[in-house]
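# Topology and contacts: notes
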Amino acid sequence: MKRSVLSKIGALTVAAVTTAVLVPATASAATSSLRWEQCPDVPTLQCTTLKVPLDYRNPGGPTIDVAVSKLASTKPSKRRGVMLMNPGGPGGPGLTMPDGLRAAGMPSSVLDAYDLIGFDPRGIGLSTPVTCDLKPEQLVSNVPPYARDAAAVAERATYVAGVAKQCGDSKTAANLPYITTANTARDMDRIREALGEKKISYYGVSYGSYLGAAYSTLFPQRTDRIVLDSVTSPGGLDPATSRRLAEGFQDRFPDFAKWAAARHASYGLGRTPQQVTAKFYELAAKLDGGAVPGVDGAAFRMGTFGALYSTAAFPVLAQQWQSLDTEGVLKQSAQAAQVDVGNLLSGQLHVVCNDSNWPENVGTYQRNVEKDRVKYPMFGAAGANIWACAYWPSEPIEPPVRIGDRGPSTILLVQNLRDPATPLSGAKEMRRALGERARMVSVDDGGHGVWLGSENACGNNAVNRFFVEGKRPAHDTACAADKGGLFDSMTPQQRQEREKALDEVRSKQRVF
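Report on the accompanying structure. Bear in mind that the values here come from a model prediction, so they are computed numbers and not experimental data.

Per the stated rule, a full pass over the model turns up four disulfides. Disulfide pairing is shown between Cys132 and Cys167; the S-S distance is 2.0 Å. Taking the sign of the S-S torsion, about 100° here, the bridge from Cys132 to Cys167 comes out right-handed. With Cys132 in the loop between strand S5 (114–119) and helix H3 (150–169) and Cys167 in helix H3, this residue pair connects regions lying 35 residues apart in the sequence. In this structure, Cys132 and Cys167 share a single accessibility class: buried. Here Cys458 connects covalently by a disulfide to Cys479, the sulfurs 2.0 Å from one another. Every disulfide takes its handedness from the sign of the S-S torsion; for Cys458 and Cys479 that torsion is -65°, giving left-handed. Taken together, the residues span a long stretch of sequence, with Cys458 in helix H15 (residues 457–469) and Cys479 in strand S10 (residues 477–479) at a distance of 21 residues. The exposure class assigned to Cys458 is partly exposed, which follows from its relative accessible area of 39%. Cys479 gets classed as buried once you look at its relative accessible area, which sits at 3%. Disulfide partners in the chain, listed by the sequence order of the bonded cysteines, are 1-2, 3-4, 5-6, 7-8.

Across all of its chains, the model carries 32 salt bridges by this definition. Between Arg243 and Asp372 there is a salt bridge whose closest N-O contact spans 2.8 Å. Here Asp372 lies in helix H12 (residues 362–375) and Arg243 lies in helix H6 (residues 239–261), a separation of 129 residues in the sequence. For Arg243, a relative accessible area of 27% puts it in the partly exposed group. According to the relative accessible area criterion, Asp372 is buried, its value standing at 5%. Between Arg244 and Glu429 there is a salt bridge, with the nearest N and O atoms lying 2.7 Å from each other. Of this pair, Arg244 sits in helix H6 while Glu429 sits in helix H14 (residues 424–434), and the two are 185 residues apart along the sequence. Residue Arg244 is classed as buried on the basis of its relative accessible area of 15%.

Here the focus is the packing of aromatic side chains. Per the stated rule, a full pass over the model turns up 25 aromatic pairs. Considering the side-chain rings of Phe249 and Phe379, the 5.2 Å spacing of their centres and the 20° angle between planes classify their relative orientation as stacked. In this pair, Phe249 is assigned in helix H6 and Phe379 in the loop between H12 and helix H13 (380–383), connecting sequence segments 130 residues apart. By relative accessible area, which is 0% here, Phe249 ends up buried. Taken together, a centroid distance of 5.4 Å and an interplanar angle of 55° make the contact between Trp451 and Phe467 tilted.

Criteria and cut-off values
- Residues numbered from 1 in each chain as written.
- Predicted model: local features only at pLDDT ≥ 70, side-chain atom pairs only at ≥ 80, totals over all residues.
- Heavy atoms only, no water.
- Disulfide = S-S within 2.5 Å.
- Helix = DSSP H or I, 4+ residues; strand = E, 2+ residues; numbered from the N terminus.
- Buried < 20%, exposed > 50% of the residue type's maximum accessible area, 1.4 Å probe, protein only.
- Salt bridge = Lys/Arg side-chain N within 4 Å of Asp/Glu carboxyl O.
- Phe/Tyr/Trp six-rings, centres within 6.5 Å; stacked < 30°, edge-to-face > 60°.

Okay, here's the thing in C-alpha cells:
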C-alpha cells in the first residue's frame, strides 16, 4: 500500500411492554469524578467531558476529549447501575442516544434500573473530532457503488485513493491512527472508572454490537449485562462484512416485494413478489442505460438498500420506484440532516480502515465483484467494490480485537432473521466466537434493529427481562413472527415522538 507521510503525532415508557419484573438488589449511585451540567440541546440529559489518552500505549502522552451524557434513574431504590450505549455507524454520535431510546419506548422498568450513559466515540461529534475534509459532493455513503464491470472498479479506486489522501493530509491527521474500536472500548472503560462503577451494562446496535463484543473481550470482568443487537460478524466492518451487505440485501428484499405486491393498486410495481423483483432488475437496467438524468443504476440500488433498514420506509421507496417507472423522475422526500454527515463518514473511514488491513490490489476487488455479481445479483457488485481503506495512509497500530469466549456469561444477542446490513450469518459467527458467554434470540422479522426498533413482543421482552431481571434463555431461542403493534397503546403524540427518535438513531447507522 502506498502511504503518504502523516504529520508528527501531537496533541491535538411504554405500558405496552408488559414484562413483569422482580426488582434486583439495588445499587446506589457510585461516587463520580465527573462534573455534570445540562446538555445544551437536550434538557433531559446531563453532559460532561472526559479526557482520555490519544494513544493507550503512551498513557501519559497527548489526550483527547470524549463527550459523555447521562439520563439518570429517578428511582434510587430500583437503580442497578449504569448502561452505556452506542448507535452504530461506525461514526454515529451517541450523546443523545439515552433520550432517543427513552422516546422510542424504553420501558420504565429499564429506565428505573439504570443511569443511561451516552457518549460520542473518539473522533466524533463533541468528542475531539476528525475530518477527511470531504466536499459536499463527497457526502455520500462509504459503501461503494454497484460496479458494472472491472473498469468501474478501477474508476472507483482512483476516487477512493483521493479520499484516503484527503484523510491523511487533513488537519487532524496526527490523530488518524488512533481512531479504532479497541481504543473506543478503552475509552468506555475510562468512562466506567470516572463514573465510579465496578461494572457496566451495555446496549449496542449495529456496529455498536461489535464495539460491545470488543469491550467484553478486553474487559470481561467489568461486564454486567451486555446486549448486542443486529450483530456483526466477529471481524466488525472488515472486507468480508462489506461483501455480506449483498447477502443482507437479498435476505431482506422479499419482505419489500411481498409488501409492494399487496399494494399493487397503489404503486403498480407488480401483483406478485416475483413481479416486484423483476421490476427491480428492469429499473436498474433502465437507469444503468441513462434513462433518467441524475439517477443511475448504482444510486437506485443504494437507495433501495438503505430503505430496507426499516419497514416504515417502504412507502417512500415504493413511491420513488413508481415515479422512476412512470414519470422518469425521482421524487425525493425532504429530510433534515440530523448528524454532521462529513464527520460521520470521516470517522467511519478512520475506524473501518484502522481496524483491519484491507487488500491493496485493485485486481482483488475486481475478482470479488465478478464473483458476487453472480452470487448476489442485486447488490453483490457494490458490497465487494473497493473502499478507501485500500489506500489508507497508515498501517493498523495493533491487531484487530480477537473476539473470544473467556469471561462471564453476561451477553445476550438479538437478531432479526432478515437484516439487510448485518445478516444472520454474521451474527451466528459472532455467537460462535463468544461461546458460552452468550445466548442468542433470533426474531422472525426483517429490518435493522430488534429492541425498540421492531414491534415483535417476544424479541423486545427478551431484552427487557435480561436488563431488569438478569434472565436469559437457557439456550439459544427463536421468536416467531407476530402482528406487531407492541407500541399501539401510545398516544398519537407519543408515536410521533417514537418515530422521530428511531429516525434519528437510524441516521447514525450509515453503513451500520
